[in-house]
Each structure stands twice: as C-alpha cells, then as structure tokens.
Amino acid sequence: MESIKLDRRQFLRVSGASALMLSLHSLGFLGGRAYATEKVVREWDYSKWEDLHRREWTWDRVTWGTHLVDCYPGNCLWRVYTKDGVVFREEQAAKYPVVDPTGPDFNPRGCQKGAFYSHMMYNPDRLKYPMKRVGERGSGKWKRVSWDECLSGIASGILDAMEEQGPESFVFEMGPGNGGYINIFAASARLNHHVGGTALDLNSTIGDFNRGIYESVGKFMFMDSVDGWFFGKLLLIWHMNPVYTRIPSYHFIASSRYNGAEVVTIAPDFSPSAIHADEWVPVEPGGDAALGLAVCQVLIEKGWIEVPFIKEQTDLPMLVRMDTGRFLRVAEVEQGGRDDQFYFWDGEKGELAKAPLDTLKLPVDPALDGTFAVTLLDGKQVEVRPSFAILKEQLNRDYTPEKASKQCATHPDTIRRLAEKCDRAKPHIQVLVGWNSPKYYHGDLIERAMCLLLALTGSYGKKGSGIRGWNESLFEGALFQTSKPSRGWIGATIRMARGKKLLNQLKAEDPTLTDEMLSVKLERLRNKKEYSHVPPAFLYYFHSGYKDAWDNKAWHCTTMKREFPEYMKEALDQGWWEGLTLPYPDQEPRVYCYYATSPARKNRGWNKNILPSLWKKYKLIFGFETRWSTTALYSDYLLPCAGFYEKLDTRFPTPHVPWLTLTDKAVEPPGEAKNEWEICLDLAGKIEEEARRRGKTKFVNRKGKEIDLEDLREKQSLGCKNLDEIMEDALETSVSLGNLPRGTDLAKMRKEGIVRFVGLSIFDPITMHLSTDIKPDEPIVPLTWHTGSKKLPYPTYNRRLQFYIDHPWFLEAGEQMPVHKPNPKMGGDYPLTLTSGHQRWSVHSIWITDEQLLRTHQGRPFMFMNPEDAEKRGIQDGDLVKVYNDFDSFEIHVKVSPAARPGKGSSPGQVIVYHAWEPFMFKGWKSYDTAIPGMIKWLDLAGGYGHLDYYRWNWCIQPIDRAVAVEVKKA
Ligand code: SF4
C-alpha cells in the first residue's frame, strides 16, 4: 500500500487511539518555540492507520524521572519516554522491592500531576530565555537578553548591595517548589554561602514547622516511612487531607484495615479524607486541643494509660514548685547542682531523686501523684507536685467531655467513643498530622494535646504508632556541598574535622549530651557565628508591612497580656535571637533572589505586607524560574531553569519514602534554559569579574566572617565540570557517611533509579532526629533510640517528652501545660472563618496553569461555602463574591457545599479555599492570601530555654494563615 503522509492536523483527526491521542493532544498546547515537539509531528511518516498503534510504543530513550517539588513525601519513580528530543509520556516505574513481607509494598507510586509533567514541560507559560524587565514591576514589559547581559546585571546589583549596605542586604529565599537537591545545595545555597547573603529559613517561610510536636519532643523532623501506616491499629487523620495530598501513599491508610485498623478523620469539614474514614469526628476549627485534652481526661479517669511509659519517657513525674510554677531544680536544693536538672519523688523512700541527664532509665519508681514538702538550700520550705498531678487536676477541671464539648463542639459521646478506640488500639495509635495545624495561631497547643494523647497511651517508638513531622535528610553528601571547601571525601573530611573539633569541645563541657544534642548544638553554633540562615520574622518586622499587623493587639489572642512590641523588644534584649535578625534593623535590604518558590503567591498578605514596602526597598529582584509565575511577573531579571526531566538530580530525600530517587536528563531544556548549577557557576564567574573590575573582592560581614570573591567561580564549581560530577561527589560522601550502601554511584543510580537508605550520621541534626536504626526488612520506626533499650534522652529542655514548659513566657500565657484557646479574631470581628489546604490538582502552583488539569475541575479559583451560610447572604452556587475583613479583600467564585461547616450561634461558618492558585488568576491579582494578615503567635518569640532556640528549619517563627475572620458578600 502506498505510504500516506499526514500533516499534524490530519493526524490528530485520524488518530482514534486514545493513549496516543492523549500524548499528541498535549502537543496541541505547545508554548512558544517548542521546536522539538513540532519536529516530531512534522517528520513522522504514518504509512497506514495500523502504524499509529505499532509506533505508539516506540521510543528513542527511556530514563528515570521524578518531580523535584514539595509534593511531600513524593519521591515517586517514573519511567520517562523520549522520542526525537521530546518527552512524550511517563509511566509509574513500580519497581519498589518488598521491604516488610507482612505489609504492602510501595508499588506503584505516582499521582495525576506526576503523570502530567510531560504536559507541563511544553506549557505556554514556560520560561525559556533570560529576561529583563523594561517597564514598571508587574507591568508585563520584558526584553529578552543574553545570558551575559542578564548575569552581568545581577552581579552588578549584588556588588552594589554588598558595597553600600553589606553582604547581609542580599536576601535569598529558597523554597521547596521547583528546584532539586544538588541543583540547590551545590548551586544557589553554595553561592549564597560564598557571598554571605541572608538566607531565609525555608520552613519559616512556608509555615510547615510543627511547633507543638517540637515543643513536646524537642524535635519534629522524625517520622516513620509511610509503609508503617499500615501497621497502626488506630489511624487518626487529624489536620491532614491525604486523599488530596498523599495520593501515592494513601493506599497504606486504606489497606491498614486488612490489618484490623480503624481510620478516624478529625476535621471541621466533611473533608475528602472524611468520606473514606470509618468515622468522621467533626470539630470546631481550631478546637482540636480541647477535643484531644478531653480524650486524655477520659483515658486517665478510666485508667487506660501506659503508666511505665509515662514514668520513663515523659516529664510528667518531674516535680514542679507550687509557689513559682517552675520545675524544682537541683541547683535549688544541692550545692553545686545544675540548673537544668530536675527531680522525681521516690515514693518508696519518700525523698527526692535526681532525674538522670544522660539516660531515660529510671533510678527509682517515681510518684505520679501527691504533694510533697521540700527544703531548699536557703532553708525555705516549698510544696512540690509531679506535673502529672497538675495535669490531671487541670483535665478534670476544664476538659471533661461535657466541658470540652462547649469549646470544640464535638459531642461528649463522640469524645468518649474516641477514647475507647484509643484504649483498644494502644500502643499502636498514629496521628497522621500534616502542616495544617502549624498554620493555626494556637497550632502548638493543638499538637501538644495530640502528643500528650500518644504519650499517655505509650504510642511512640513502635511499628504503626506515633506522630509525624517533616524531614529532609539522609542524602547528606548533597548538604555538605553547601560549604565544604573542596571536592570529594577529602573536602567532606575537612568540613567534618572542623565539626568534630567543636563536637569534642561541646562534649567535654557537658558529657551528658547525646550525639543528637551535640549535633543540634553544633548546628546552632555554626549558624549564629558563621552562617546567615535566619527566620524571616525580623526582616518582616523591621522592613515590611507585617509590623502593622503584628502590632495590632486586637488580632492576637485575648490572653496576650502585653503589647506585641514589648514582647519583640524583650526577646531581642534577652539575646534570644542574637545573630539572627538579618538583614539588621538598620541595614536596608537591597537584593532579593528567590529560588524554587513564589513569594507573591505564598507569603501571607503579600499584596499588602510586602509589595508596597519591602518589595520597593529591593533595588534588584531576580528569580530562578521555569515558568511565568506571579512572582516572576513582579521581578527584574529572570533566569530560565531546566525542568524535572531536563537535568540530573534527585528529589529531596525523606525517610517517609526511604529511597534516594533519581531524575535524569531525558531531553535538552527549551530555548536557552539551563540547570541551576550551571547558572550559579556562571553567576559566580560574573560576580568575581565585577568585583575585580571594582577593585573590591573582600568583604567582612557584621559577624566578622570574611567573604572573599577571588576565584569565586572556581570555589563555586567544587572542582567539578558538570552535574554528573557533582552527583558523583554527593553520592561518594553519602556512602562514606553511611547514608547509602557501599557501591552506590551514579552508574548504579542510573541502573536502579532508587537506592534505599541504610543509616544516619552525626553531622546532620535533621538526620539524627530520626533516632533509630534503619532496618532492611521493616518500615523506618523513629525514636527507638529513646523508647528501646538505648534509653537515650530526648533533646528537650528537660530531656523527656516535655508536657510542662516552665519558660517564664509560657507561664505568663498560662500555657505551661497544653490547654485549649480559641482562634483570635485575625482580620477583625467577622462571622466566617477562612481555612485552607493543598488542592488536588496542582502541587503548589506548578501545575495550576495546565489546561488539561484545569479541565478536571472548575478551572478557576473557587471557595467552598455551606448552603446555609450562602443562603443567609443571598449567594448561589457559582456566584462571584467579595471576601473581606479589616485587613483586605479578594474576589472568588463560590461552590456551595454542605461539606463546609455551617455557622451556628457564636460558632463561625467555615469557608475553604484550597490554595495554590496563581494570584494572576484573581481580579487585580489579589489572591485569597490578600485577606490574610499573616500573624505570628507572640509566644513563638520565646527563647533561651533548652530546645526553644532556633536552628535550621527548627524553632521557627512563621506567619500563619488558618482561621482568618472574614465576611462574604456578592461581588
Ligand atoms: Fe509523586 Fe510528587 Fe510526582 Fe506526584 S508530583 S508523582 S506525588 S513525585
């Protein structure tokens, strides 16, 4: 038969094969110069219709791929199919081995966004060339420039800032959005390390710091691998919506029922995850602490608690002075005693017994109840009680199910039923909490109540138990690339030798410190003295509009006794944040670089808090970007970056999915885009060149650290010529540190795609927070070094799971114990409460403009609202409404749904916007964040108390965004 040639249109008409149609349909939405794609369509020779099927499954190349975005925990391995320089499709690799034969494996991993990344690669909003703004910021007037012009302009701006205001005036914000791992640490993080800019703490800027878990456990960056979920007997989905946000991992929850588990979702709305639970426990938004404490009250009243666990692992037997409300310190009773060591009461002998600092092993059987008299060194007699007794009294007084029900709106019978479930399931209760709770003003109290419930039932350190935070660790070789002086294991050992020396000094000063505590101390020391890694709160307070919101006492909790500026002043005067208030209050921020993030979308109230003030102070704003995000549109220079299948990298690692996951370069990036490592290398070269031209290559920052821009390009390169060498370097270090098995190199990664982690090292506190051995045939179970035979103390102030915090501010707030407090009226006195969560159709905003995905939902920003609340306001489904409060307003369409909680009496009605819409999708580019003032809880400024002290990603101060007071009317 004669060969028939079809042009692209004819081809699309003729093709009826759905899968192929899908692939080529994507080609119909090509953006700009997607030359390679067009080439495929033009040059294919279709002989006859059957060829469509025959050739559907022919490829030039298959590579491994994953998605370098915070679809936490992500790390799904995909096969990426390429033909004629175009990625056509991807497919779940499904090659995860069986780890624990008594539970399900990880196969297959992947979500609908991942299956669509090849589509996004060729989206019209892809950024392909270096760009320079030529009109006003945000006016949309741009000029395509050469890499040389772009990088020279940026280098010049950075040098101006360094000369005029100092290195700290260069503000660098990294996010988890669209970068990678070696393409972050060996690239921008390393460059920033060399030029001495201020790096904003990632976790503070996104608000994912689980404050209450941290306050209770001394850390929050620990969790089981997600296959551990299967082994829980009671799964409490609480401040999480895994049906939307954990798509590849959700099957472990669903199938846990085969293992006899019950799944309970606790949420104000009948959330997508409530639909699939065995029971939905409705709760007032932010009422969770009252609910959790009421469950604790029932557990204690009924005696359904694990007493040996409580005595050994928690601070509940520790003695508290009744006159001061503070722990009884050894220094108060014994000459030369320590101020950070505390007492138990030995019930048998009727005397004090020191709580050991270096072990959780109990020296005596401590009393949990009673009141005892103690004579202090000065002869004064005081009464002391175990904190458990104080807790019990508080729970019986304020949190019986009937009393709590008035605070959380959950029926008392439901609370009692939940307690019964906890009793049946203990010690295999898991709280699946996400990063919703930290975004509530009193999210710390909510999480402290959750942690308490788990401690009372002994649900830590066992397969299928515990609570979870966030963790990015175990590929430490890449982290080392931020600051190690030279390539390879030698460079790493030089860095480690410095660390080792400091560790030895710290250990000599206090031999009771565990490796984990030492590792944290080392990180803090380095950061305060050497690095410039800081929470952004001080930049916001001293240089942006956040100050106006934070200083507004009416928007804080009514229990805040003093004015906010007083607390800020005291925190700084006490030196709790010394070395962390960068750029300094008297130093003008001059240059802003964002990387794998989109602050215009993500910062709470950006439109009012940042745009008119801080944004204007920056004389230069540039971003590493793959697409025309809203932030890009407000920038000065744009650096076009390679996408997930256009460069070599790994997804940021996590114990949740404990394999290092490779993504390889399948195709060239479009236009003139490059990988971030190459861009940073060239930028380093330009900064060096410009510094030489100005005759100023040396700077000293205010911490006295010398910044030397001589040979910056060479230093930046780590002696590597390309990303392959950078990856080899990171792998080699990780193998030597014991994170990865021997023999792991790039060739092996390219062969296998994934390699399972095998161990921890002391040089990264985040890794150490797992505190467990990684076993080859079991899910990762964190904290076993505390709960198991090692009995290592926790890194809290009192070295136990800490439920009593006697910091003076916590006492002032009445929050020494977990309590319930209602949401403050953030935004004013309005009858509705605005809540949020991640949406189903995009990871952050990366997929939000994908036409195909937009067609699977409304395709425009919308807000859920209860029909009763809508009717009261004359609002119908699909109406455009104005959402407003005293802070600001935005417009959005309404989806009327009984799933949203209705307002009843003084209880506010709930309106829900699942976020990640681009601000440019809203009228006037005012996104839903526009009405969020972005308050911080004043208590988060506390410090100088054991673990209440900042280090990377921990003890962060973060603007919050849930439960903002609003009203709604038709637009
Ligand atoms: Fe997995 Fe994330 Fe990719 Fe989805 S986007 S497939 S969750 S890695």
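Note that this is a predicted model, so its numbers are computed, not measured.

## A look at the overall build of the chain
Here is step 1 of the chain: Helix and strand counts for the chain stand at 38 helices and 32 strands.
Here is step 2 of the chain: Compactness check: the chain gives a C-alpha radius of gyration of 28 Å against a globular reference of 30 Å for 971 residues, within 12% of the reference.
Here is step 3 of the chain: Its C-alpha atoms put the chain at 100 × 65 × 55 Å along the principal axes.
Here is step 4 of the chain: The contacts of the chain with a sequence gap of at least 6 include a subset with a gap of at least 24, amounting to 75%.

## As for the sheet that holds strand S21 (residues 637-640)
Paired through backbone hydrogen bonds, the strands of a sheet run either parallel or antiparallel to each other.
Here is step 1 of the chain: If you walk across this open sheet you meet the eight strands as S5-S4-S21-S20-S19-S6-S7-S18, and the pairing is mixed. Where the open sheet ends on each side, the last strands, each with one partner, are strand S5 (142-144) and strand S18 (533-534).
Here is step 2 of the chain: Packed on one face of the sheet, helix H30 (residues 676-694) meets strand S19 (591-595), strand S20 (620-625) and S21 and runs near 150° to S20.

## Focus: the packing of helix H7 (residues 182-195) against H30
Here is step 1 of the chain: Between H7 and H30, the least distance of the axes is 8 Å, while the angle of their chain directions is 20°. Relative to H30, H7 is oriented roughly parallel. Once H7 is placed against H30, the crossing between them reads as left-handed. Here H7 contributes Asn 183, Ala 186, Ala 187, Ser 188, Leu 191 and Val 195 to the contact with H30, which in turn contributes Glu 676, Trp 677, Cys 680, Leu 683, Ala 684 and Ile 687.
Here is step 2 of the chain: Taken together, the residues that form the contact of H7 with H30 break down as nine nonpolar, two polar and one charged.

## A look at the nonpolar core
Here is step 1 of the chain: The biggest cluster of nonpolar side chains holds 280 residues, and the ones touching the most others in it are Phe 475 and Phe 622.
Here is step 2 of the chain: Once you skip the residues sitting within four places of it in the chain, Phe 475 turns out to touch Tyr 181, Ile 182, Thr 650, Pro 653, Leu 660, Met 727, Ala 730, Leu 731, Ser 734, Asn 739, Leu 740 and Phe 757.
Here is step 3 of the chain: Formed by 19 residues, the second largest nonpolar core is a distinct cluster that contains Met 120, Met 121, Val 843 and Trp 847.

## Observations regarding the environment of Asp 573
Here is step 1 of the chain: Inspection of the secondary structure assignment puts Asp 573 in helix H25 (residues 564-573).
Here is step 2 of the chain: Distance from Asp 573 to Leu 454, taken between C-alpha atoms, is 37 Å for residues 119 residues apart in sequence.
Here is step 3 of the chain: At a separation of 2.7 Å, a polar atom in the side chain of Asp 573 contacts the side chain of Lys 569.

## What to know about the environment of Lys 403
Here is step 1 of the chain: Position of Lys 403 relative to the elements: it lies in helix H17 (residues 401-408).
Here is step 2 of the chain: For Lys 403, a relative accessible area of 41% puts it in the partly exposed group.
Here is step 3 of the chain: Linking Lys 403 and Ala 290, residues 113 residues apart in sequence, is a C-alpha distance of 8.9 Å.
Here is step 4 of the chain: When sequence neighbours within four positions are dropped, the list of residues in contact with Lys 403 reads Asn 396, Arg 397 and Asp 398.

## Notes on the sheet that holds strand S30 (residues 889-896)
Here is step 1 of the chain: Spatially, six strands are ordered S27-S31-S28-S30-S29-S32 in a closed barrel, and the strand pairing comes out mixed. Strand after strand, the sheet turns through a mean of 45° between neighbouring axes, direction not considered.
Here is step 2 of the chain: Alignment of strand S27 (residues 832-838) against strand S31 (residues 909-915), held across seven bridges, turns out to be parallel. When the bridges of S31 are listed, Thr 833 appears paired with Gln 910.

## A few points about unusual backbone geometry
If a residue is not glycine, its phi is most likely negative; likewise, a peptide bond is most likely trans.
Here is step 1 of the chain: Of note, the bond from Tyr 72 into Pro 73 is cis; its omega dihedral lies within 30 degrees of zero at 0°.
Here is step 2 of the chain: Tracing the backbone shows Pro 73 in the loop between strand S1 (61-65) and strand S2 (78-83).
Here is step 3 of the chain: Omega for the bond connecting Asn 107 with Pro 108 falls within 30 degrees of zero, at -20°, which places this linkage in the cis form.
Here is step 4 of the chain: Within the fold, Pro 108 resides in the loop between strand S3 (86-92) and helix H5 (117-121).

## So, the site of the ligand
Here is step 1 of the chain: Taken together, Thr 66, His 67, Cys 71, Gly 74, Asn 75, Cys 76, Trp 78, Gly 110, Cys 111, Gly 114 and Pro 248 are the residues near the ligand.
Here is step 2 of the chain: A breakdown of the residues in the shell around the ligand according to their chemical character gives five nonpolar, six polar and no charged.

## A closer look at the packing of helix H13 (residues 288-302) against helix H18 (residues 412-425)
Here is step 1 of the chain: Running from amino to carboxyl end, H13 crosses H18 at an angle of 60°, the nearest separation of the two axes being 9 Å. By the angle class used here, H13 and H18 are oblique. The interaxial crossing formed by H13 with H18 has right-handed handedness. Contacts between H13 and H18 pair Leu 291, Ala 294, Val 295, Val 298 and Leu 299 from the former with Ile 415, Arg 416, Leu 418, Ala 419, Cys 422 and Asp 423 from the latter.
Here is step 2 of the chain: Partitioned by chemical class, the residues of the contact of H13 with H18 number nine nonpolar, no polar and two charged.

## A short note on the side chain of Ser 204
Here is step 1 of the chain: Here Ser 204 lies in helix H8 (residues 202-206).
Here is step 2 of the chain: Sequence-distant contacts of Ser 204, defined by excluding residues within four places in its chain, comprise Pro 535, Pro 536, Cys 956, Ile 957, Gln 958 and Pro 959.

## Digging into helix H6 (residues 147-164)
Here is step 1 of the chain: Spanning 18 residues, H6 covers 26 Å between terminal C-alpha atoms, matching the ideal 26 Å at 1.5 Å per step.
Here is step 2 of the chain: Taken together, the buried positions of H6 are Trp 147, Cys 150, Leu 151, Ile 154, Ala 155, Gly 157, Ile 158, Leu 159, Ala 161 and Met 162.
Here is step 3 of the chain: At the C-terminal side of H6, Gly 166 shows a positive phi close to 105°.

## Concerning helix H32 (residues 723-737)
Here is step 1 of the chain: Between its first and last C-alpha atoms H32 spans 21 Å; for 15 residues at 1.5 Å apiece the expected length is 21 Å, and the two agree.
Here is step 2 of the chain: In terms of burial, H32 is a largely internal element, 11 of the 15 residues being buried.
Here is step 3 of the chain: Residues Leu 723, Glu 725, Ile 726, Met 727, Asp 729, Ala 730, Leu 731, Thr 733, Ser 734, Val 735 and Leu 737 constitute the buried set of H32.
Here is step 4 of the chain: The opening residue of H32, the one whose side-chain oxygen lies 3.2 Å from the backbone nitrogen of Asp 724, is Asn 722.

## A word on the pairing of strand S8 (residues 234-238)
Here is step 1 of the chain: With five of its five residues buried, S8 lies for the most part within the structure.
Here is step 2 of the chain: Burial along S8 is two-sided: Leu 234, Leu 236 and Trp 238 and Leu 235 and Ile 237, pointing in opposite directions, are all buried.
Here is step 3 of the chain: As defined by bridge partners, S8 adjoins strand S16 (residues 429-432) across four bridges and the pair is classed as parallel. Each bridged residue has a counterpart across the sheet, and for Ile 237 the counterpart in S16 is Leu 432.
Here is step 4 of the chain: Where S8 lies against strand S9 (residues 262-267), five bridges are found, and the strand directions are parallel. The residue bridging Leu 236 from the neighbouring strand is Val 264, located in S9.

## Some remarks on the pattern of salt bridges
Here is step 1 of the chain: Applying the stated rule across the entire model yields 80 salt bridges.
Here is step 2 of the chain: Of the charged contacts, one joins Asp 636 and Arg 137 as a salt bridge, the two residues approaching to 2.8 Å between their closest N and O atoms. Residue Asp 636 is located in the loop between helix H29 (630-633) and S21, and its partner Arg 137 is located in the loop between strand S4 (131-133) and S5; the two are separated by 499 residues in the primary sequence.
Here is step 3 of the chain: Connected through shared salt-bridge partners, Asp 160, Glu 163, Glu 690, Arg 693 and Arg 694 make up one network.

## Looking at the environment of Ser 532
Here is step 1 of the chain: Position of Ser 532 relative to the elements: it lies in the loop between helix H22 (515-529) and S18.
Here is step 2 of the chain: Ser 532 sits 340 residues away from Asn 192 along the chain, and the two C-alpha atoms are 9.2 Å apart.
Here is step 3 of the chain: Those residues in contact with Ser 532 that sit more than four places away from it in its chain are Gly 196, Gly 197, Thr 198, Ala 199, Asn 527, Leu 582, Asn 701 and Lys 703.

Procedures and definitions
- Residues numbered from 1 in each chain as written.
- Predicted model: local features only at pLDDT ≥ 70, side-chain atom pairs only at ≥ 80, totals over all residues.
- Heavy atoms only, no water.
- Helix = DSSP H or I, 4+ residues; strand = E, 2+ residues; numbered from the N terminus.
- Rg over C-alpha atoms; globule rule 2.2 N^0.38 Å.
- Contact = heavy atoms within 4.5 Å.
- Pairing = 2+ DSSP bridges.
- Axes fitted to C-alpha atoms, helices over the stretch in contact; angles between N-to-C directions.
- Parallel < 35°, antiparallel > 145°, perpendicular 65-115°, else oblique.
- Left-handed = near helix turned anticlockwise from the far one by under 90°.
- Nonpolar A, V, L, I, M, F, W, Y, C, P; charged D, E, K, R; others polar.
- Core = buried A, V, L, I, M, F, W, Y, C linked by side-chain atoms within 4.5 Å.
- Buried < 20%, exposed > 50% of the residue type's maximum accessible area, 1.4 Å probe, protein only.
- Polar contact = N/O pair within 3.5 Å; in protein donor to acceptor, adjacent residues only side chain to side chain.
- Near = heavy atom within 4 Å.
- Expected span 1.5 Å × (residues − 1).
- Salt bridge = Lys/Arg side-chain N within 4 Å of Asp/Glu carboxyl O.

Treat this as a map of the structure, not an account of what it does.
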